[in-house]
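Below, each chain spelled out in residue letters.
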Amino acid sequence: MKRLIVGMVAVLALAGCSAGKDAVVQGSSFSFVSPGGKVDITYDLAQRQTAPVLAGDDLMNEGKQLSLADFPGKVLVLNLWGQWCGPCRTEAPEMETLAKEGVQVVGIDVRDPARDVAQDFVRDRGLTYPSIYDPDGRVLLKLTGYPRNIIPSTIVLDKQHRVAAVFLRQVLAQDLRPVVQRLNSEA
């Protein structure tokens, strides 16, 4: 009987992650659900939800706030990273390539308890795009349901700052270019 109950709970839990009509919670504010456990997720225009206004300390400019609201009408590539993360070390130059091509990249530096170490990471790699410093994950808490343990990961917002794509893996500039180009061509 105990096995049956455990099995039923497991089935119900898995059913909650399936890709049905409810894979994206409807409403005006973004609430993340990974349909079918996918790591590359794109949202059609009708499915897109507005991202919360993410804001926090500017990593490189102590005392200054950085917010997604600072970039109205722009497609945004939000990259979650940490200097402690091996794949982030490979991904950072890819994000810089996009930034140099005119794509607005905004980093969110997570779980780096020492700001100066994260700043050294940025300087050593010549990164020019801004990052929000979020050592305790409070900024990420605004992304309802988003897996905070998947670093690096990338969220692409359309011009209205609705979530258009999510990559729960390390990405290359070539992975993001077509998504950004498509979103920039939207009215």
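Summary of the structure given here.

Reading the values: rules and limits
Residue positions within a chain follow its written sequence, with the count starting from 1. Local features in this predicted model are restricted to residues whose pLDDT is 70 or higher, and side-chain atom pairs enter the listing and the counts only when it is 80 or higher, whereas totals over whole chains, interfaces and linings include all residues. Water and hydrogen atoms were dropped before computing side-chain values, which therefore reflect all heavy atoms in the structure. Throughout, a disulfide means two cysteine sulfur atoms within 2.5 Å of one another. Under the scheme applied here, a residue whose accessible area is under 20% of the maximum for its type counts as buried, over 50% as exposed, and between as partly exposed, the area being computed with a 1.4 Å probe on protein chains only. To get the bend at a residue, fit one axis to the 7 residues ending there and another to the 7 starting there, then take the angle between the axes. Elements are defined by DSSP. Helices are runs of H or I of four residues or more, strands are runs of E of two residues or more, and each kind is numbered from the N terminus. When two rings of Phe, Tyr or Trp (its six-membered ring) have centres within 6.5 Å they constitute a pair, described as stacked for plane angles under 30 degrees, edge-to-face for angles over 60, and tilted for the intermediate range.

**Let's talk about the state of the cysteines**
Thought 1: Enumeration according to the criterion identifies 1 disulfide in this entry.
Thought 2: Disulfide partner of cysteine 85: cysteine 88, at an S-S distance of 2.4 Å. Of note, the bridge from cysteine 85 to cysteine 88 carries an S-S torsion of about 80° and is right-handed in sense. One exposure class covers both cysteine 85 and cysteine 88, and it is buried.

**A word on helix H2 (residues 86-100)**
Thought 1: Of all bends in H2, the biggest is about 25°, found at alanine 92, and the proline proline 93 comes one to four residues later.
Thought 2: Along H2, the positions that sit buried rather than exposed are Cys88, Glu91, Ala92, Met95, Glu96, Leu98 and Ala99.

**Side note on the packing of aromatic side chains**
Thought 1: Tallied over the entire structure, the rule returns 1 aromatic pair.
Thought 2: Between the aromatic rings of tryptophan 81 and phenylalanine 121, the centroid separation amounts to 5.0 Å while the plane-to-plane angle is 20°, which identifies the pairing as stacked. Here phenylalanine 121 lies in helix H3 (residues 115-125) and tryptophan 81 lies in strand E4 (residues 76-81), a separation of 40 residues in the sequence. Each member of the pair, tryptophan 81 as well as phenylalanine 121, is classed as buried.

Such coordinate-based values are descriptive only and should not be taken to indicate function.
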